Amino acid sequence: MPFSSPRQPLATLEAMTNAAPSKHPLDNVAAARQLRSGDVPEALRSDVRFLGELLGRVLAESGGQDLLDDVERLRALTIDAYEHQGEGSIEDAEALVAGFTLERAEQVARAFTCYFHLVNLAEERHRVRVLLARDPWTADGHRPAESFATAFAAVSAEVGDDEARRRVAELEFRPVLTAHPTEARRRAVAYAIRRISDLVAEHDDPRLGTLARRENERRLLAEIDILWRTAPLRSDRPTPLDEVRTAMNIFDQTVFQVIPRVYRLIDEGLSGADVSPRPPDARPFVRFGSWIGADRDGNPFVTAKVTRKAAAIASEHVLLGLERAADRIGRTLTLDARDTPASAALQDLWRRQRALAEELTTDVATRSPGEPHRRVLLVIAERIAATRRRDADLAYESPAELLADLRVVQSSLDEAGDLRNAYGEVQHLIWQVETFGFHLAELEVRQHSKVHRQALEAITAGARDDELDDTSAEVLDVFRVIAYLQGRYGVDAARRYIVSFTQSADDIANVYRLAEHALGSPEKAPVLDVIPLFETFADLGASTGILDRMIELPQVRRRLEQTGRRLEVMLGYSDSSKDVGPVSATLALYDAQARIAEWARRNDIVLTLFHGRGGSLGRGGGPANEAVLAQPPGSVDGRFKLTEQGEVIFAQYGDPVIAVRHLEQIAAATLMASAPSIEQRNAAAAERFSDLAARLDRVSRERFHRLVRSEGFAAWFGLVTPQEEIGLLALGSRPARRGLSLESLEDLRAIPWVFAWTQARINLAGWYGLGSALAEIGDVTLLRDAYENWPLFRTLVDNVQMSLAKTDERLARRYLALGDRQDLAELVMEEMTLTREWALRASGASELLADRPVLRRAVRLRSPYVDALSLLQLRALRALRSHARSEHPEQARQDELRRLLLLSVNGVAAGLQNTG
């Protein structure tokens, strides 16, 4: 019963789940009436009711009963409006919002935002509950769908066990964390939510007695009170190093611990139900990368000094994690030498440790008499600590040296017959070192090709380094820092360099030339794997021609020889979608991947395609495992790399149970994508439906360009969405636009483009153009055939449905009315109606998200509450637009209105679980 105090128990979930069914199968939002209470699991219902009651008590205590009454009135009106879809109820809600003072409007916006944080938390807890309760083995000894064991069995059946194992041994998954500003929550809010989540998990324990449960509820009330009283908006933009530390929180909380669990799952998938102690078959396949503190494309705050500091922070965290793990394991290995004797190699290692640090080893030996494995591992822990402190006398020179010592311990335990300890926690520590090294995640530098050209032009014109402008001088400093990082942490700590807007092979050659100039000679230059990033529609089309010339560059040829002809190519989803619309971008990206994969085969290249996907559907987001299985033949080949950013990082890696499931699903999909049956299916579908693809591309692109290339579109877009105000949110260190003013879409980054349409409840970036394209084709039989048999088309239509499910036609019209351009507004609304209708016809569904009940439930339960925040946002936007036209705007009132607007933006982002 969200927001209800004990004195005022108003039904919420029940009110949304026990109404009459809709008579209009194509009416998405009216479908809430089709949702029965049985669709909401009782455990989730109980959590939401419980947390809502606690929030209601906090609101009443903090703001008085009148605040809670206002919140309840608005909530009741928006639920009624959502269920009955009439204008009357929403107009009543709008009138109530209009009557609030600005102070009360702010309080109501914050209340709804807190509610969304709690609902999100409850849903995450329920997902964890379901995953923990899921039986990992079915009655016939097989894993459930989407498990790695199921994928391995399927691939083995097609290619044989030996070949399947070879493919598993070569498997690679490279998630790259980015600091793109798509996480609207403050760190303080995120931490408060995590504390509440831990208490909810504790409350879930049936063993709690009366006193313990009462104490749990007291602490929950205190934490929810903190959440309510914590300012939801950042006062200042985070610095790049703030963003680095936020990512480190995820590493410390979950990632470091879950990696061994993932590899153990993979090992079980390879060995079946055999759990006897033995050397593992699984090898570490995850390697994290990071742009945080290294991506300087358009971010003047990421400097060479920041990159160096970012690497130091990451190294500090991983070395501390390794040190603690080694110390913990060492303290448990109290194995007597008479039962578990040391091998000759372990005895030799101990002698070398004694020679290295006599005082330390004497102390350890005193504390570990007759326990050779314990004392060696405790000294290993001290050497890791010395590496962190940069104590050269005791530090390890490299992760390889540490791994050699750990393997001596492991082999000694094996020889002594203690296989459980040899291949238990010691194996976990070995996997952690192999995965993270001493650097945790490889820093991948990114810079715009234009910046390189400008720096090289100045140098070629004769400018000395001390005469260069700040930007060009910074370019050279970056290469010097890369060289330092490679010397300090190893080459793998920072060897990838991404060139944004690669338009020719010269853009790649420029990076090598600048690096050689910065370090004084080719011999002193750092090791670099320069990665072209193809972002625009035109660049995607020209990609293979550019790659042909790129591999002729002497520096690239040399690296190909050194790496076994391995090469990475990055594809940008965001700008291509903003360039030609989501449908044409999807098709162009598929075509580019197919052509690049064939190019790699012809040139004997071991290709890794790097997918620059955003979290939102308008930026290439959506379920990653489904996307992997829809890729062109040869484009995955056991290697998958993508960007993970903003709210996606917290969603995928914030909870250890969910993180394990995410990584297992990606591993399974990456292995399955190269199965002959999957490759043949995708190839046959692409050929069979090529004419359909061409028509979808042409019509959708024409429709998209008709809108975005209309005269005055950019200015109109700024009026009908909170795009301008979103730039005021202190989401990240990176500026939201490339120039000082928004005169065309090229000036706007993809994230605020998507974020603004999401806030306006239109989500245009995720669906616009598909309806017109499907309607022109008009052949429902053909479209349903494509939906059933063409994975790319199915993924496209399903993603569009997910995007449309978060739209609202009534609210969309209100936002569009702010712009005084009825022609453009009608284009948008006509296309929204057409796309909803034809997405359902193509899939054969009667309602959006029909085959995704969990997501459908989440959207429906949230939508009335998001509507309340949207009405508050509309009030602020209308007033701000009116003030902008005033001859004498009142600054103080404008500031208050902006604050209300930004609070509502924060709340809508929490409710929809999407920003950019």
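Residues numbered from 1 in each chain as written. Predicted model: local features only at pLDDT ≥ 70, side-chain atom pairs only at ≥ 80, totals over all residues. Heavy atoms only, no water.

(A) The environment of Q555, seen in detail. Among the secondary structure elements, Q555 is positioned in helix 23 (residues 554-563). For Q555, a relative accessible area of 12% puts it in the buried group. Sequence-distant contacts of Q555, defined by excluding residues within four places in its chain, comprise Y512 and E516. At 3.3 Å, the side chain of Q555 and the side chain of E516 are in polar contact. (Helix = DSSP H or I, 4+ residues; strand = E, 2+ residues; numbered from the N terminus. Buried < 20%, exposed > 50% of the residue type's maximum accessible area, 1.4 Å probe, protein only. Contact = heavy atoms within 4.5 Å. Polar contact = N/O pair within 3.5 Å; in protein donor to acceptor, adjacent residues only side chain to side chain.)

(B) Region of the structure containing the packing of helix 13 (residues 358-367) against helix 14 (residues 372-389). Between helix 13 and helix 14, the least distance of the axes is 9 Å, while the angle of their chain directions is 140°. Comparing the axis directions of helix 13 and helix 14 gives the class oblique. The two elements helix 13 and helix 14 cross, and the hand of that crossing is right-handed. In this structure, helix 13 uses L360, T361, V364 and R367 to contact helix 14, whose residues at the interface are R374, R375, L378, V379 and E382. Considered class by class, the residues forming the contact of helix 13 with helix 14 number four nonpolar, one polar and four charged. (Axes fitted to C-alpha atoms, helices over the stretch in contact; angles between N-to-C directions. Parallel < 35°, antiparallel > 145°, perpendicular 65-115°, else oblique. Left-handed = near helix turned anticlockwise from the far one by under 90°. Nonpolar A, V, L, I, M, F, W, Y, C, P; charged D, E, K, R; others polar.)

(C) Looking closely at the confidence of the model for the chain. Per-residue confidence for the chain averages 89 on the pLDDT scale, and 90% of its residues sit at or above 70. Taken together, the stretch residues 1-38 has pLDDT below 50 and engages in 104 contacts with residues farther than four places along the chain or on a different chain. Within the model, the stretch residues 616-621 combines pLDDT values under 50 with 31 contacts to residues more than four positions away or in other chains. (pLDDT = per-residue confidence, 0-100.)

(D) Inspection of helix 14 at higher detail. Taking 1.5 Å per residue as the helical rise, helix 14 with its 18 residues ought to reach 26 Å, and the 26 Å between its terminal C-alpha atoms agrees with that figure. Among the 18 residues in helix 14, 14 count as buried, and that is most of the element. (Expected span 1.5 Å × (residues − 1).)

(E) Just the pairing of strand 8 (residues 606-612), in detail. Counting buried residues along strand 8, six of its seven residues qualify, which places the element largely inside the surrounding structure. Across seven bridges, strand 7 (residues 566-572) lies against strand 8 in parallel orientation. When the sheet's bridge partners are listed, L567 is paired in strand 8 with L607. (Pairing = 2+ DSSP bridges.)

(F) Structural context of the sheet that holds strand 8. Spatial strand order, 3-2-1-9-8-7-6-5-4: nine strands in an open sheet with parallel pairing. If you trace the sheet from one side to the other, it starts and ends with strand 3 (442-443) and strand 4 (445-448), each paired once. Both strand 1 (residues 172-178) and strand 2 (residues 289-290) contribute to a ladder of two bridges, which runs parallel. When the sheet's bridge partners are listed, L177 is paired in strand 2 with S290.

(G) How the structure looks around the side chain of E725. With respect to the element layout, E725 can be found in helix 32 (residues 723-726). Excluding its chain neighbours within four sequence positions, the residues that come into contact with E725 are L877, L880, R881, L901 and L902.

(H) Local environment of the packing of helix 10 (residues 240-271) against helix 17 (residues 425-436). Closest axis-to-axis distance for the helix 10/helix 17 pair is 9 Å, and the angle between their directions is 115°. With respect to their mutual orientation, helix 10 and helix 17 come out roughly perpendicular. The handedness of the crossing between helix 10 and helix 17 comes out as right-handed. In contact with F251, V255, F256, Q257, I259, P260, Y263 and R264 of helix 10, helix 17 contributes Q427, H428, W431, Q432, T435 and F436. Split into classes, the residues belonging to the contact of helix 10 with helix 17 amount to eight nonpolar, five polar and one charged.

(I) Expanded view of the pairing of strand 9 (residues 639-645). A large share of strand 9 lies buried, amounting to seven of its seven residues. Burial along strand 9 is two-sided: R639, K641, T643 and Q645 facing one way and F640, L642 and E644 facing the other are all buried. Pairing analysis gives seven bridges linking strand 1 to strand 9, with the strands arranged parallel. When the sheet's bridge partners are listed, V176 is paired in strand 9 with T643. The sheet contact formed by strand 8 and strand 9 spans two bridges and is parallel.

(J) Here's a closer look at unusual backbone geometry. Look at R565: it is not a glycine, yet its phi comes out positive at around 60°. Relative to the assigned elements, R565 resides in the loop between helix 23 and strand 7. The backbone of D820 shows a phi angle near 55°, a positive value even though the residue is not glycine. By secondary structure assignment, the location of D820 is in the loop between helix 37 (809-816) and helix 38 (822-843).

(K) The arrangement of the environment of I292 in detail. Locating I292 in the fold gives a position in the loop between strand 2 and helix 11 (304-332). Residues I292 and V445 lie 153 residues apart in sequence; the distance between their C-alpha atoms is 9.1 Å. I292 has contacts with L177, T178, A179, P240, E243, V244, A247, A310 and L443, leaving out every residue within four places of it along the chain.

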